[in-house]
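# Reading the structure
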Amino acid sequence: MLKYLTIFVGVLLGSGCFAQTTDPNLFYREQIQINQDGMKVLGGWAAANMIASGIATAQTQGSSKYFHQMNIYWNIVNGGLVALSVLQANKQLQHLPDNWEANRALQKKVEKLFLINTGLDLVYIGTGAYLLNRSTSTSSEMLKGYGQSLILQGGFLFLFDGAMYLLHHKHGLKHSKLLNQIAFDGQRISVRWVF
């Protein structure tokens, strides 16, 4: 009788705490929320750049005009990425994965995407530096302005993509920690808590 009472109390106490974090759909929704919050930041950056540079383009000349032109072009792309991400999030919420393995695969895919983007951002910064260096030998105001813009936009995206990778990675570690607490040996499921 004591054995059954112990099991009952353990399940009762453990299920309330554990059930809140073991739902694969909850984990996936959190992942989507991290993306949506990030897209708000990227969208704000894009809007601020397009407004400020839209005004400045009409009021500047030389390399400053080209700097603001490139900011507008670059942030049209960023705005498009934000719009696509919002559409994708709505689609993802309609087709939630029903198991942890699908979640784990999606988590790794998102982490890898932001890590690759962080590397590409370094290419943007390097390209901007190249254009800026090239502008000194050619006296090209366009190359100078475009180079400065690429350095700025690439720098922001490097910070943004790096932060998004870290947020998703931290979220994934939470997932991995949870999965490491659950064991199945073919006959029974066990849950391990460390205090």
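The structure reproduced in this document is the subject of the present report. Values in this document were obtained by computation on a predicted structure and should not be read as measured data.

Glancing now at the overall build of the protein. A tally of regular secondary structure across the protein gives 5 helices and 2 strands. Counting from the amino terminus, helix and strand elements in the protein follow one another as α-α-α-α-α-β-β. Split into buried and exposed, the 195 residues of the protein put 34% on the buried side. Relative to all contacts within the protein whose residues are 6 or more apart in sequence, the contacts with residues 24 or more apart total 77%. Of the accessible surface of the protein, which amounts to about 12,400 Å², a share of 67% is contributed by carbon and sulfur atoms.

This model, assessed by the stated rule, comprises 1 salt bridge. One salt bridge connects Asp37 with Lys40, and the closest N-O pair in it is separated by 3.8 Å. One end of the pair is Asp37 and the other is Lys40, both in helix H2 (residues 24-59) and 3 residues apart, which spans about a single turn. A residue is classified by how much of its surface remains accessible, and Lys40, at 59% relative accessible area, is exposed.

Summarising the element assignment, Gln31 is placed in helix H2. Beyond its immediate stretch of four places on either side in the chain, Gln31 contacts Leu106, Gln107, Val110, His168 and His171.

Another point: the packing of aromatic side chains. One pass over the structure, following the stated rule, counts 4 aromatic pairs. Summarising the aromatic geometry, the rings of Trp74 and Tyr124 are spaced 5.0 Å apart at their centres and angled 80° between planes, so their arrangement reads as edge-to-face. Of the two residues, Trp74 is situated in helix H3 (residues 62-94) and Tyr124 in helix H4 (residues 100-138); the sequence distance between them amounts to 50 residues. Ring plane angle 20° and centroid distance 6.1 Å describe the contact between Phe156 and Phe160, whose orientation is recorded as stacked. Of this pair, Phe156 and Phe160 both sit in helix H5 (residues 141-180), 4 residues apart, which is roughly one turn of the helix.

This part is about the layout of surface pockets. One simple way to see leftover space: roll a probe sized like a water molecule over the atoms. Of the pockets and cavities examined, the largest pocket occupies roughly 730 Å³. In terms of lining, the largest pocket is formed by 27 residues, of which the most central are Met39, Gln88, Leu113, Phe114 and Asn117. Elements supplying a minimum of two residues to the lining of the largest pocket: H2, H3, H4 and H5. Here the residues of the lining of the largest pocket sort into 17 nonpolar, 7 polar and 3 charged.

Cut-offs applied
Residues numbered from 1 in each chain as written. Predicted model: local features only at pLDDT ≥ 70, side-chain atom pairs only at ≥ 80, totals over all residues. Heavy atoms only, no water. Helix = DSSP H or I, 4+ residues; strand = E, 2+ residues; numbered from the N terminus. Buried < 20%, exposed > 50% of the residue type's maximum accessible area, 1.4 Å probe, protein only. Contact = heavy atoms within 4.5 Å. Areas by Shrake-Rupley, 256 points an atom, 1.4 Å probe, with all protein chains shown as cover. Salt bridge = Lys/Arg side-chain N within 4 Å of Asp/Glu carboxyl O. Phe/Tyr/Trp six-rings, centres within 6.5 Å; stacked < 30°, edge-to-face > 60°. 1 Å grid on protein atoms, 1.4 Å probe; cavity = no way out; pocket = protein on both sides within 12 Å on 5 of 7 lines; lining within 4 Å. Points joined across faces, edges and corners; volume = space filled by probe spheres on them. Nonpolar A, V, L, I, M, F, W, Y, C, P; charged D, E, K, R; others polar.

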